Amino acid sequence: MTKLSRKIEYALMALKYMSQKIPGELTTAKEVSEAFQTPFDATARVMQIMAGKGILKAEQGAAG
């Protein structure tokens, strides 16, 4: 069996969480980390990388 790195696991968890929301509804890294009980910093960094690669769309500010 192939072992996934933690970054990939966190990325898949984030994508799974966001796929269950209404399209266009914003999701924060804090929401994802609390839902899956993952470290916030690691989750936020992975989501930031996905946004940089164009997988996610990021918004700045309190609502982003």
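Notes on the structure in this doc start here. (Residues numbered from 1 in each chain as written. Predicted model: local features only at pLDDT ≥ 70, side-chain atom pairs only at ≥ 80, totals over all residues. Heavy atoms only, no water.)

With that settled, the discussion passes to a nonpolar patch on the surface. Nonpolar side chains collect at one region of the surface, where Leu4, Ile8, Leu12, Leu15 and Ile55 lie side by side and expose about 430 Å² of accessible area between them. Within the element layout of this structure, Leu4 appears in the segment before helix H1 (6-19). Look at Leu4 and you get partly exposed, because its relative accessible area is 38%. (Patch = residues over 30% accessible without salt bridge, like charges linked within 9 Å, V, L, I, M, F, W, Y side chains within 5 Å. Areas by Shrake-Rupley, 256 points an atom, 1.4 Å probe, with all protein chains shown as cover. Salt bridge = Lys/Arg side-chain N within 4 Å of Asp/Glu carboxyl O. Helix = DSSP H or I, 4+ residues; strand = E, 2+ residues; numbered from the N terminus. Buried < 20%, exposed > 50% of the residue type's maximum accessible area, 1.4 Å probe, protein only.)

A few words on the environment of Ala58. Topologically, Ala58 is positioned in the segment after helix H3 (40-52). Residue classification places Ala58 among the exposed residues on the basis of a relative accessible area of 54%. Distance from Ala58 to Thr43, taken between C-alpha atoms, is 14 Å for residues 15 residues apart in sequence.

All of the buried residues along helix H2 (residues 29-36) are Ala29, Val32 and Ser33. When H2 is viewed along its axis, its buried side chains cluster within an angular range of 95° and face the same direction. Count one or two residues on from H2 and you reach Gln37, which has phi positive near 55°. (Arc of directions from axis to C-beta.)

Turning our eyes to something else, we now look at H3. If you check H3, its first and last C-alpha atoms are 18 Å apart, about what 13 residues at 1.5 Å a residue would give, namely 18 Å. Where H3 is concerned, the buried positions are Thr43, Val46, Met47 and Met50. Seen along its axis, H3 keeps its buried residues to an arc of 95°; they face one direction. Facing away from the buried side of H3, by more than 90 degrees, are the exposed residues Asp41 and Gly52. Residues of H3 that are buried make contact with H1 and H2. Looking one or two residues past H3, Gly54 carries a phi angle of roughly 85°, positive in sign. (Expected span 1.5 Å × (residues − 1). Contact = heavy atoms within 4.5 Å.)

A few words now on the packing of H1 against H3. Contact geometry of H1 with H3 gives a least axis separation of 9 Å together with a crossing angle of 75°. The angle between H1 and H3 falls in the class roughly perpendicular. Counting all contacts with H1, which are made through Lys7, Tyr10, Ala11, Ala14, Leu15 and Met18, the residues of H3 involved are Ala42, Thr43, Val46, Met47 and Met50. The residue makeup of the contact of H1 with H3, split by class, is nine nonpolar, one polar and one charged. (Axes fitted to C-alpha atoms, helices over the stretch in contact; angles between N-to-C directions. Parallel < 35°, antiparallel > 145°, perpendicular 65-115°, else oblique. Nonpolar A, V, L, I, M, F, W, Y, C, P; charged D, E, K, R; others polar.)

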